[in-house]
Amino acid sequence: MKYFFILGKNPILSKAEIEAVLQSKVIKSKVEMSFDKILILEIDKELDVEWLNSQLGGTVKIGLILGEMSDVAEFEEKFFEFAKFNEKKFYFGFSLYPLSPKINILAIQKKVNAIAMELKSRLRDEKQVSSRYVVSREAELSSVIVQKNKLLKNGAEFCFFIDQGKTLFGQTLAVQEFEQFGARDFARPGRDNVSGMLPPKLARMMINLAQVKSDATILDPFCGSGTILQEAIVLGYKNLTGTDNSDRAVKDSLNNLEWLLNKSKVKSLKSNVMKLDVKDLSLKFKANSIDAIVTEPFLGPAMRGNENQVQLEKIIESLESIYLAAFVQFAKVLVKGGKVVMVFPIYNIRNIQNKLDILSQIEKLGFVKSNKEELVYFRENQYVRRSIMIFKKV
Ligand SMILES: C[S@@+](CC[C@H](N)C(=O)[O-])C[C@H]1O[C@@H](n2cnc3c(N)ncnc32)[C@H](O)[C@@H]1O
C-alpha cells in the first residue's frame, strides 16, 4: 500500500523521524517519491495511521494513495467511487501538491475548483446530498482547515500529487494534533523565553530519533522548562529524569510536568527532576544506567547578527568545552549501545554557518555519529539554527 506524508517545515528531519519510528516498529517501507515536503512510501502492510500520527512531531498530514490518473479532470468520476456520504451534510476539499517545479499549480487550481462546483451539483441532483466545498487561498488546505471543518469526520479531503502527465491522488486519514502541541508550548505554567525552549514538535522528533523502547530510561541533563520530558510522557515513556544547574529550570520543569500529568491519564510514572551541573552527572547516576540522553544544551548567548568572527570563535570555544565535559559524563552513565540525541547550534551570521568542531573528540570518548545527513531545524533569517546529532555509545 502507498501512503503519503506531508512533512513540516524541515522535511529532512521529518523524513528521518518517520524512518526511525517505522524502523523501531519493524515496519518495512520503500521511498516511492520524495519531493520537497511530500513523501510517498510503499509499505508492505496496512498502517495504523492514527497511531503513527499520534507519535510523530514533524508530519502535518498522513493519507492513503488511492490511484493514479493522467489528468485531474478524471477525478470527477473517481470522487463518486471513493467518497463515502452519510445523511449529514458532506464537507469536502482538495489539496494540490506539485511533484516538480515545472507544474503550474494556479492553472490546475482553477480546473479543480470547477470540478468541485460540478460535483456539488451532481451530489445534490443525483444523490440528494447537500455538500460544502471547503477552500483556502492556498492550493493546499492546512491541517488546521482540515481539522476545523471536520473533513476527516464529516467528509473527505482528497490530495493530488501532480507531475507532468501523471497525477497520484489520495485521501487524508490523519492530521497533526496541532492544538495539543500548541497547548504544551503556550498554555503550560513554566516558560522561559530567556534561556529558550524547544518547540514541542522538535522535542518529539528528537525522542523518536533515539529509537528506544517504552521502558527505556531517558535523561535530559539540560532540561530547562522540561519540554523533552513532557513529550516523552505523551509518547508513553515512564522512566524519565531531568537535570539542570538552574533553580528556575528545575521549578519550571516540575510545574510543567505536574500540569501535564493533571491533564493526562498517565499514572505510573517514575519521573525525577533535580538541580545538577552536567559535569556531575556520574556522581548522581550509576555507570551504564541510562538508555538515552535527549537534550538541548545551552546554545550560547542570544545573537544579534552583528557578531564578529573573534566573538563567534570565543562563544564556540566556550560551548565546545561544556559539550565535551558533558560527553565525558554521557560516556560513563549511558549503557553500551545507548543513544545521545542532542542539539548543536549553527550560528548563521552574514550567511556564514559557524559550527562547533568537536566530532573527533566525541568519537574518541567512545561514540559514533549515526545520522548521515545533516538534520537541521531552522527558519530562514534565524541566527541560531539547531543541528540535531545522533550518537551511539559503542
Ligand atoms: C536552551 S536551555 C534548554 C531548554 C529546554 N530544552 C526546554 O525546552 O525548555 C539550556 C539549559 O541548560 C542549562 N544549563 C546551562 N549550563 C548547564 C550546566 N553546566 N549543567 C546543567 N545545565 C546547564 C540552563 O540552565 C538551561 O536551562
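So, here's what we can say about the structure. Here the residue numbers are simple positions, counted from 1 along each chain's written sequence. Where totals are concerned, whole chains, interfaces and linings use all residues; where local detail is concerned, this predicted model gives features only for residues with pLDDT of at least 70, and gives and counts side-chain atom pairs only at 80 or more. The side-chain quantities take in all heavy atoms of the structure and omit both hydrogens and water.

1. Notes on the packing of helix 8 (residues 200-210) against helix 9 (residues 227-234)
Following both chains from N to C, one finds helix 8 and helix 9 inclined at 65°, their axes separated by 9 Å at the closest point. The angle between helix 8 and helix 9 falls in the class roughly perpendicular. The way helix 8 lies across helix 9 gives a crossing that is right-handed. Of the residues in helix 9, those touching helix 8 at P200, A203, R204, M206 and I207 are T227, I228, E231, A232 and V234. Each residue gets one label: Ala, Val, Leu, Ile, Met, Phe, Trp, Tyr, Cys and Pro are nonpolar, Asp, Glu, Lys and Arg are charged, and the others, such as Gly, are polar. Residues belonging to the contact of helix 8 with helix 9 are distributed by class as follows: seven nonpolar, one polar and two charged. Angular values range over 0 to 180 degrees, each being the angle between N-to-C directions of two axes fitted as lines to C-alpha atoms, with helices fitted over their stretch in contact. Counting from the N terminus, the helices are DSSP H or I runs at least four residues long and the strands are E runs at least two residues long. For classification, angles of less than 35 degrees are called roughly parallel, those exceeding 145 degrees roughly antiparallel, those between 65 and 115 degrees roughly perpendicular, and all remaining angles oblique. Crossing handedness is read from the near helix: turned anticlockwise from the far helix by less than a right angle, it gives a left-handed crossing, and turned clockwise, a right-handed one. Note on contacts: a residue pair is in contact if any heavy atoms of the two residues lie within 4.5 Å.

2. Description of the packing of aromatic side chains
Ring geometry is summarised as follows: Phe, Tyr and Trp rings, the Trp one being its six-membered ring, pair when their centres sit within 6.5 Å, and such pairs are stacked at plane angles under 30 degrees, edge-to-face over 60 and tilted between the two. Tallied over the entire structure, the rule returns 28 aromatic pairs. Between F79 and F90, the ring centres sit 6.2 Å apart and the planes meet at 75°, which makes this aromatic pair edge-to-face. Of the two residues, F79 sits in helix 3 (residues 75-82) while F90 sits in strand 5 (residues 90-98), which places them 11 residues apart along the sequence. Each of the two residues, F79 as well as F90, counts as buried. Each member of the aromatic cluster is reached from another via a ring pair, and the members are F75, F79, F80, F82, F85, F90, F92, F94, Y133, F158, F160 and F169. Placement of a positive charge over a ring is assigned whenever Lys NZ or Arg CZ falls within 6 Å of the ring centre and within 35 degrees of the normal to the ring plane. A cation over an aromatic ring shows up here: R184 above the ring of F181, its NZ or CZ 4.9 Å from the ring centre. Throughout, exposure labels follow a simple rule: accessible area from a 1.4 Å probe, protein chains only, divided by the maximum for the residue type, with under 20% read as buried, over 50% as exposed, and the rest as partly exposed.

3. A closer look at the pattern of salt bridges
Salt bridge, as used here, is a side-chain nitrogen of Lys or Arg placed within 4 Å of a carboxyl oxygen of Asp or Glu. Following the criterion strictly, the structure yields 19 salt bridges and no others. E126 is the salt-bridge partner of R122, the closest N and O atoms lying 2.9 Å from each other. Pair noted here: R122 and E126 are both in helix 4 (residues 105-127), with a separation of four residues, about one helical turn. Look at R122 and you get buried, because its relative accessible area is 15%. For E126, a relative accessible area of 46% gives the class partly exposed. For R385, the salt bridge is made with E380, and the minimal N-O distance between the two is 3.7 Å. Take E380: its relative accessible area is 59%, and that puts it in the exposed class. Linked through salt bridges whose partners overlap, the residues forming this network are E76, E77, R122 and E126.

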